[in-house]
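Architecture at a glance
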Amino acid sequence: MSAQIISGTEIARQIRQELSQEIAELKERHHLTPGLATLLMGDDPASQIYVNQKGKISQSLGIYSERYDLPATTSEEELLTLIDQLNGNSRIHGILVQLPLPQHINETSVLCAIDPEKDVDGFHPMNLGKLMLGNPAYLPCTPCGIQQLLIRSGIKVEGAEVVIVGRSNIVGKPMANILLQKNPWANATVTVCHSLSRDISVHTRRADILIVAIGKPKTITADMVKEGVVVIDVGVNRIGKTATGKSIVVGDVDFDTVKLKARAITPVPGGVGPMTITMLMANTITAAKRTAGLS
Ligand code: NAP
């Protein structure tokens, strides 16, 4: 079987085109420019790359952006003060605090300090609660991007056996909640596995749609999936460098062998990653529209 390669790069490009048009209309008709603030603490190279990408894409779409690079020694009080100022800043509709934060900062306190209306990452307990109740304001970006990948690739989720490997608060748990909802883009039967699941292959072999977010390179192998499965690989694992010094990145799925059995599969890179950033932009637009009473 020759698997359909689900290109997140291409689907994200299409969505960004739509977003860029929507922003132009908001500016023209409503004099409204969506604004995003990104906060980066410390000098973690991967976080810097993510924040750079977010800044570049928001500017290319016409989103007003402010970036705050804070030293790793910034105190929690200083960080909370900045968030409080941004909560009150009318040019800023979305606030993104790049995770992970240094050890001395309480992540929960920081995420709870963001005004839920500006919580474009969708990690505030109020927004996660609304998601669980089926009335979301903002969906967390990675699972939201995965749902869009499925919809726009014509993959029917309704009634499907979906198996999610990984139960993190940012991917696995919200993903399960999104696909459990009672709506035509969800309505799945969802199983969630984690590191203490007895034998994950018992579950992964049943999956019509398998979503893997564990952060362990090439863990899902061909013998763990059934013929015709749809595979979404969230993992980003840097396993070395090329001769020219570029990072070699692989997913949590052994792409080369699993694609021979799959009906459709996302590559790494170029699968879920571009969708995550794009959904952040979409949430920022939603936040701006909500402020203006347009959504
Ligand atoms: P995380 O917080 O480390 O959570 C990993 C989850 O996987 C945990 O629930 C853990 O179980 C489970 N797990 C680990 N090893 C396992 C195994 N062998 N079998 C079954 N379950 C296992 O990770 P995360 O933040 O969700 O990220 C996961 C991966 O996705 C990482 O590579 C990350 O870089 C990537 N990611 C990519 C994007 C993107 O936009 N492309 C976005 C977010 C994350 P326990 O709960 O029992 O510990």
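Everything here concerns the structure above.
Quick word on the sheet that holds strand β8 (residues 230–233)
A sheet is described by the order of its strands in space; here six strands give the open sequence β1-β11-β8-β7-β5-β6, paired in parallel fashion. In this open sheet, the two strands that pair with only one neighbour each are β1 (4–5) and β6 (189–193). Sheet topology places β1 next to strand β11 (residues 264–265); two bridges connect them, and they run parallel. Each residue of the ladder has a partner; that of I5, found in β11, is I265.

Observations concerning the side chain of T38
Note on placement: T38 falls in strand β2 (residues 35–41). When sequence neighbours within four positions are dropped, the list of residues in contact with T38 reads V51, E66, R67, Y68 and L96.

A word on the pattern of salt bridges
Following the criterion strictly, the structure yields seven salt bridges and no others. Its salt-bridge partner being E18, residue R152 comes within 3.0 Å of it at the nearest N-O pair. Placement of the pair is R152 in helix α6 (residues 141–152) and E18 in helix α1 (residues 8–30), with a sequence separation of 134 residues. Judged by its relative accessible area of 33%, R152 is partly exposed.

Considerations on α1
End to end, α1 covers 31 Å across 23 residues, agreeing with the expected 33 Å (1.5 Å per residue, within 8%). When we look at burial in α1, the residues that qualify are G8, I11, A12, I15, L19, I23 and L26. Elements in contact with the buried residues of α1: α2 (45–61), α6 and α10 (272–291). Phi turns positive one or two residues past the end of α1, at H31, with a value near 50°.

Quick word on helix α3 (residues 76–87)
Counted at 1.5 Å a residue, the expected span for α3 with its twelve residues is 16 Å, and the 16 Å between its end C-alpha atoms agrees. All buried positions along α3 are accounted for by L79, L82, I83, L86 and N87. One side of α3 holds all its buried residues, which, seen down the axis, span an arc of 145°. Turned more than 90 degrees away from the buried face of α3, the exposed residues are E77, D84 and Q85. Elements in contact with the buried residues of α3: β2, β3 (64–70), β4 (94–97) and α4 (107–113).

Cut-offs applied
Residues numbered from 1 in each chain as written. Predicted model: local features only at pLDDT ≥ 70, side-chain atom pairs only at ≥ 80, totals over all residues. Heavy atoms only, no water. Pairing = 2+ DSSP bridges. Helix = DSSP H or I, 4+ residues; strand = E, 2+ residues; numbered from the N terminus. Contact = heavy atoms within 4.5 Å. Salt bridge = Lys/Arg side-chain N within 4 Å of Asp/Glu carboxyl O. Buried < 20%, exposed > 50% of the residue type's maximum accessible area, 1.4 Å probe, protein only. Expected span 1.5 Å × (residues − 1). Arc of directions from axis to C-beta.

The values reported here are purely geometric and, on their own, carry no functional implication.
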